[in-house]
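Here is what each chain is made of, one letter per residue.
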There are 2 protein chains.
Amino acid sequence: MSKAPSPKPTDSELEILHVLWQHGPATVRAINDLLGQRRQAEVGYTTTLKILQLMLEKGLVRRDDADRSHVYRAAVREQETQGLLLDKFVDATFGGSALKLVMQALGSRKTSDDELAQIRRLLNDIEIQNSTSNPAEDDEHAG
Amino acid sequence: MSKAPSPKPTDSELEILHVLWQHGPATVRAINDLLGQRRQAEVGYTTTLKILQLMLEKGLVRRDDADRSHVYRAAVREQETQGLLLDKFVDATFGGSALKLVMQALGSRKTSDDELAQIRRLLNDIEIQNSTSNPAEDDEHAG
DNA sequence: GCTTTGTTACGAATTATTTCGTAGATAAGT
DNA sequence: ACTTATCTACGAAATAATTCGTAACAAAGC
């Protein structure tokens, strides 16, 4: 029950987490190289090292220091972290209303029919969950 | 090119913008009082004043200093600002995929049937737009 | 007129984040 | 063995955001 209260990662930390999520465990050298690719400008090696050390203290990553080149791995899951950040963002920007966020996300940008279909499937799933786990009567049937 | 791109507001600035969007133009005193209500702890009067002065320089607010108590008003629109922040957030957290954001927002939290219905209506509207305009050239935005 | 109250402007302390330089250790190359 | 390369740890500078104290000034109250 005691869920690790992983602190909210900063922008730089999040970028490193993306690298680790995609690439898997890696050395500082590898992480730094991958960061250089996804960015415009290179970042100093010791900068990456420093951030990883701070992330280790925060519990955002784990490391294997058996070898001289330590190997870092993400200690938080991608979806959980995204969910955490999303919660904060929804609170700060949309007053806590996830609905407003979704409306804004869908309304103010181009969404393909394919993406719309995926969202519809998700809506159907959620509706089924609502009706099976919720005592409130629900006779709606999606087309 | 004549329009200065309003910089991304910080968390504190965004909170003040929320107050101004909801309440309309207000003095520092009024803004500070309203901030105190929506927060856990009070914030110092001069803190609010200082942030408003910085926001004025950034172009996030305008002020009427005809009277001794200056009256501040939002200089950026709510939806535009939310859209701007949303873009940055989607890039940083979901690698630019608005679809992933929506899936996460809907999937990882409780969404009521009422909200689901609203989203369905929006999906229908978007689908109609997709089918009535040529998808290859409908990237125009209302100014 | 004098004092109290409320206001703006400004400087500065505090905290967080990002950045990198340098020292010291270990491994690798010759 | 010696030199070079690579790595970690650590300190600290640079930047940004938040906070508030104080000075200066104007208005209101007595």
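Residues numbered from 1 in each chain as written. Chains lettered and ligands numbered in written order. Predicted model: local features only at pLDDT ≥ 70, side-chain atom pairs only at ≥ 80, totals over all residues. Heavy atoms only, no water.

- An unreviewed UniProt entry lists chain A under the name BlaI/MecI/CopY family transcriptional regulator, with Hymenobacter aranciens given as the organism.
- Turning to chain A, the UniProt annotation filed under Sequence similarities (unreviewed entry) states: "Belongs to the BlaI transcriptional regulatory family." (UniProt positions renumbered as here; feature names shortened; annotations may be inferred.)

## Things to note about the protein's contact with DNA strand D
Logical step 1: Around DNA strand D sit 21 residues, and of these Arg 29, Tyr 45 and Arg 68 of chain A together with Thr 10 and Gly 44 of chain B come closest.
Logical step 2: In the interface set of DNA strand D, defined as its atoms within 4 Å of the protein, sugar plus phosphate atoms amount to 66%.
Logical step 3: A distance of 2.7 Å separates a phosphate oxygen of DNA strand D from a polar side-chain atom of Tyr 45 of chain A.
Logical step 4: Within the contact set of DNA strand D, a base oxygen lies 3.2 Å away from a side-chain nitrogen or oxygen of Lys 50 of chain A.
Logical step 5: Broken down by secondary-structure element, the contributors of at least two residues to the surface near DNA strand D are helix 2 (28–38) and helix 3 (45–58) of chain A together with helix 1 (11–23) and helix 3 (45–58) of chain B.
Logical step 6: At 5 residues, helix 3 of chain A tops the list of elements feeding residues into the surface near DNA strand D.
Logical step 7: Here the surface near DNA strand D is built from residues that sort into 4 nonpolar, 9 polar and 8 charged. (Near = heavy atom within 4 Å. Polar contact = N/O pair within 3.5 Å; in protein donor to acceptor, adjacent residues only side chain to side chain. Helix = DSSP H or I, 4+ residues; strand = E, 2+ residues; numbered from the N terminus. Nonpolar A, V, L, I, M, F, W, Y, C, P; charged D, E, K, R; others polar.)

## Quick notes on helix 2 of chain A
Every α-helix winds through 3.6 residues per turn, so residues three or four apart in the chain are directed the same way.
Residue and element names in this part refer to chain A.
Logical step 1: Listed in full, the buried residues belonging to helix 2 are Val 28, Ile 31, Asn 32, Leu 35 and Gly 36. Along the axis of helix 2, the buried positions cluster into a sector of 140 degrees, meaning they face one direction only.
Logical step 2: Buried residues in helix 2 make contact with helix 1 (11–23), strand 1 (26–27), helix 3 and strand 3 (71–74). (Buried < 20%, exposed > 50% of the residue type's maximum accessible area, 1.4 Å probe, protein only. Arc of directions from axis to C-beta. Contact = heavy atoms within 4.5 Å.)

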